[in-house]
Amino acid sequence: MQRALVGGILIAILCSTVGVFLVLRRMAMLGDGLAHISFGGIAAGMFFNIYPMLSALLFSIAAAIGIQKLKTMKVYSDSAIAIFFSFGLALGVVLVSLSHGFNADLMSYLFGSILSVSGADITLISVVGILTLCVLAFFYKELFYITFDEESAKTSGVPVERLNTVLLVLTAIAVVLSMRIVGILLVSSLMVIPASIALPLSRNFRQAIFGSVAVSVASVALGLVIAYYFDLAAGGAVVLVLVAAFAAMLVYKRLLKRA
Amino acid sequence: MDGSVLEFENVSFSYGGKPALKDATFAIRKGDFVGMIGPNGSGKTTLVKLALGLLKPDKGKVRLFGKEISGFREWGRLGYVPQKATNFDQNFPASVFEVASMGRIPKAGLGKRLSGADMEAVGSALEIAGIASLREKRIGDLSGGQQQRVFIARALAAEPEFLMLDEPTVGVDQKAQHDFYLLLEKLNKKMNMTLLLVSHDIGVVAKSASKIACVNVSVSIHDAKSGIDRAIVCAYGEDFGRVPHHHHI
């Protein structure tokens, strides 16, 4: 449980920060897309007997770069995501059908499972997670500029295309690190919901980031504790807490308007 | 060329075979306040985008501060206020200060935090733009005219020598427009900043600018005082009277 909590909180911070950029750039579905793509990576890892988190990481990073490449070749970004999305899923399904032995383990990646989080998982989540946060902090003001106004950012000499790729790669990493805890199918909620709660309540970007992180950490911690004591699926519990928080935000906004 | 801030040499550009700019040759010199006029679709915005390196010319050369644009890296010497700048997501969570500080990035350097001196420069940019008291406000809560000033402050934050503005007053009320042009005159005369102002408002351009560039696929530059009639003819044609002239409301 402690392991899951440490990993969960790191993931909560990472996903909610990336999520603010994605939501503001209308790329909310990117996390979901990359998660499905990494399903292919997980299946490949199991098939070839490689550590699945590692193969998933390589797979989703490659896909992130591929999506960005397709965008520069004038393919619409949602189409580019959809193409890789289906490719990853198709590859995963084919590999699963080729070998019949690993379905139970695969389920733990699809829906997440605290109990199956290993020491290796936590090491990977911690090291890569902290590195990723450092990269985000390093490019914080440039990513903020691009998110607000891509064209003007270009005229300020900000390498927009390269940083767009960086953001995609960071998203891919966050997705893979999160799926052990919340599962492939629920990963995107960790990116989208905290940001969607914080954004309408924020007066500046700093508030949006910190608000999103606070909501996310609190929800993940609460969700994991509930899941642990009531023996529920961790990913599901976390996401239900997040959705409840989102509903509470909507009610609060409405009350505020009336007052 | 000595003292030339922006230079176009036989520049042509077309969108899918349709020429937007043909053999444009002109220079803007240090201290100039150039007002750029021309009918819709005449290539004004294309010209600005070429000058910023956002588009690459099919033919010809664009130079900034004497340097060819493909090798130009000193983006801090340049400020840009885009067309429809105020057309952003009004719910975007960003304070006035945060937006203005984006403009400081070319001076601060990539991946570097803004230093105390950078913060001060942003502060004085807000001061010049006359919105220092709004610095903590969410940008979406401001009026159109105030938002316009935030984008000016963003462009000024890098302390540029050359400022390009593409139809900056679209959607801004009359009073705010008037104040805005006074601010531009101040930047040009008191701070010796070179300005390129794209506008459809010939009256304002003739009054504030020192030179007029008329764009109609080709480009020519005239003196604002003596050459206004010629500028209008070259931009809009001899039969200008037939062109309906009304202000957008």
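Below is a summary of the structure that appears in this document. (Residues numbered from 1 in each chain as written. Chains lettered and ligands numbered in written order. Predicted model: local features only at pLDDT ≥ 70, side-chain atom pairs only at ≥ 80, totals over all residues. Heavy atoms only, no water.)

## Let's talk about the overall build of chain A
Summing up its helical and strand segments, chain A has 12 helices and 0 strands in all. Mapped in sequence order, the helices and strands of chain A form the string α-α-α-α-α-α-α-α-α-α-α-α. The globule rule puts the C-alpha radius of gyration for 259 residues at 18 Å, and the 18 Å found for chain A is close to it. Each principal axis of the C-alpha distribution contributes one length, and for chain A these read about 55 × 50 × 30 Å. For chain A, with 259 residues in total, the buried portion stands at 54%. Sequence-distant contacts, at least 24 apart, represent 76% of the contacts inside chain A between residues at least 6 apart. Working note: accessible area of chain A is about 11,300 Å², and carbon and sulfur atoms make up 71% of it. Between the mean site of the 16 positive side-chain charges and the mean site of the 10 negative ones, chain A shows a separation of 9 Å. (Helix = DSSP H or I, 4+ residues; strand = E, 2+ residues; numbered from the N terminus. Rg over C-alpha atoms; globule rule 2.2 N^0.38 Å. Buried < 20%, exposed > 50% of the residue type's maximum accessible area, 1.4 Å probe, protein only. Contact = heavy atoms within 4.5 Å. Areas by Shrake-Rupley, 256 points an atom, 1.4 Å probe, with all protein chains shown as cover. Lys, Arg positive; Asp, Glu negative; His and termini not counted. Charge placed at Lys NZ, Arg CZ, Asp CG, Glu CD.)

## Brief notes about the environment of G3 of chain B
Residues and elements named next belong to chain B. Along the polypeptide, G3 turns up in the segment before β1 (4–15). A C-alpha to C-alpha distance of 27 Å links G3 and V122, two positions 119 residues apart in sequence. The contacts of G3, once residues within four sequence positions are left out, are I28, R29 and K30.

## Here's the deal with helix α12 (residues 234–258) of chain A
Here α12 of chain A is 25 residues long and its end C-alpha atoms lie 37 Å apart, about the 36 Å a rise of 1.5 Å per residue gives. Among the residues of α12 of chain A, those classed as buried are A234, G235, A237, V238, V239, V241, L242 and M249 of chain A. (Expected span 1.5 Å × (residues − 1).)

## Re the pattern of salt bridges
Counted according to the given criterion, the structure contains 19 salt bridges over all chains. Put simply, R154 of chain B and D149 of chain A hold a salt bridge, and the shortest N to O gap is 3.1 Å. One end of the pair, R154 of chain B, is in helix α5 (residues 144–156); the other, D149 of chain A, is in the loop between α7 (140–148) and α8 (150–155), on a second chain. Each member of the pair R154 of chain B and D149 of chain A is classed as buried. (Salt bridge = Lys/Arg side-chain N within 4 Å of Asp/Glu carboxyl O.)

## A word on the packing of aromatic side chains
Taken as a whole and assessed by the stated rule, the structure comprises 18 aromatic pairs over all chains. Each ring, one from F138 of chain A and one from F139 of chain A, has its centre 5.0 Å from the other, and the planes form 85 degrees; the classification is edge-to-face. Take F138 of chain A: its relative accessible area is 44%, and that puts it in the partly exposed class. Pairing Y140 of chain A with F205 of chain A gives two aromatic rings, centres 5.9 Å apart and planes at 45 degrees, and the pair type is tilted. Of this pair, Y140 of chain A sits in helix α7 while F205 of chain A sits in helix α11 (residues 205–230); the two residues are 65 residues apart in sequence, bridging distant segments of the chain. Given a relative accessible area of 0%, F205 of chain A falls into the buried group. Chaining the aromatic ring pairs together yields one cluster made of F21, Y140, F144, F148 and F205 of chain A together with F88, F92 and F151 of chain B. A cation over a ring is seen here: R180 of chain A above Y109 of chain A, with NZ or CZ 4.2 Å from the ring centre. Over the face of the ring belonging to F65 of chain B we find R77 of chain B, whose NZ or CZ atom lies 3.9 Å from the ring centre. (Phe/Tyr/Trp six-rings, centres within 6.5 Å; stacked < 30°, edge-to-face > 60°. Lys NZ or Arg CZ within 6 Å of the ring centre and 35° of its normal.)

## Quick word on the interface of chain B and chain A
Reports of interface size often rely on the accessible area that becomes lost once the parts have come together. Facing the 27 residues of chain B at the interface are 25 residues of chain A. Looking at the side of chain B facing chain A, the largest losses of area belong to F92, P93 and M102 of chain B, adding up to 25% of the total buried there. Applying the counting rule to chain B against chain A returns 3 salt bridges. At the level of secondary structure, the elements contributing two or more residues to the side of chain B that touches chain A comprise α2 (96–102), α3 (105–108) and α5 of chain B. Classifying every residue of the side of chain B that touches chain A by side-chain character gives 17 nonpolar, 3 polar and 7 charged. (Buried area = accessible area lost by both parts, 1.4 Å probe. Nonpolar A, V, L, I, M, F, W, Y, C, P; charged D, E, K, R; others polar.)

## What about the state of the cysteines?
All names here are of chain A. Tallying each qualifying case throughout the model produces 0 disulfides over all chains. Not engaged in a disulfide, the cysteine C15 finds its nearest cysteine sulfur in C134; these two sulfurs lie 16 Å apart. What makes C134 partly exposed here is its relative accessible area of 46%. (Disulfide = S-S within 2.5 Å.)

## A few points about the pairing of strand β10 (residues 218–223) of chain B
Residues and elements named next belong to chain B. Relative to β10, strand β9 (residues 211–216) runs antiparallel, the two sharing 6 bridges. In the strand pairing of β10, C214 is matched with S220. Hairpin connection from β9 to β10: 1 residue lie between these consecutive antiparallel strands, with V217 at a positive phi of about 70 degrees. (Pairing = 2+ DSSP bridges.)

## Some remarks on the packing of helix α10 (residues 187–198) of chain A against α12 of chain A
All names here are of chain A. In the contact formed by α10 and α12, the axes pass within 9 Å of each other and the chain directions differ by 20 degrees. Judged by the angle between their axes, α10 and α12 are roughly parallel. For the pair α10 and α12, the crossing hand works out as left-handed. Residues S189, L190, I193, P194, S196 and I197 of α10 pack against V238, V239, L242, V243, A245, F246 and M249 of α12. (Axes fitted to C-alpha atoms, helices over the stretch in contact; angles between N-to-C directions. Parallel < 35°, antiparallel > 145°, perpendicular 65-115°, else oblique. Left-handed = near helix turned anticlockwise from the far one by under 90°.)

## Considering α5 of chain B
Residues and elements named next belong to chain B. Over its 13 residues, α5 extends 18 Å from the first C-alpha to the last, a length consistent with the 18 Å expected when each residue adds 1.5 Å. The element α5 is extensively covered by neighbouring structure, given that 11 of its 13 residues are classed as buried. Those residues of α5 not exposed but buried are G145, Q147, Q148, R149, V150, F151, I152, A153, R154, A155 and L156.

## Digging into empty space enclosed by the protein
Applying the stated criterion to the full structure yields 4 cavities of 30 Å³ or more. Taken together, 13 residues line the largest cavity, and the ones lying closest to its centre are Y145 and S156 of chain A together with L78, G79 and Y80 of chain B. The set of elements that each furnish at least two residues to the lining of the largest cavity consists of α8 of chain A together with β6 (78–81) and α5 of chain B. Class assignment of the residues belonging to the lining of the largest cavity gives a composition of 7 nonpolar, 5 polar and 1 charged. Lining the second largest cavity are M27, L30, I67, K71, S77, I81 and L168 of chain A. When residues of the lining of the second largest cavity are traced back to their parent elements, those giving at least two are α3 (52–72) and α4 (77–98) of chain A. (1 Å grid on protein atoms, 1.4 Å probe; cavity = no way out; pocket = protein on both sides within 12 Å on 5 of 7 lines; lining within 4 Å. Points joined across faces, edges and corners; volume = space filled by probe spheres on them.)

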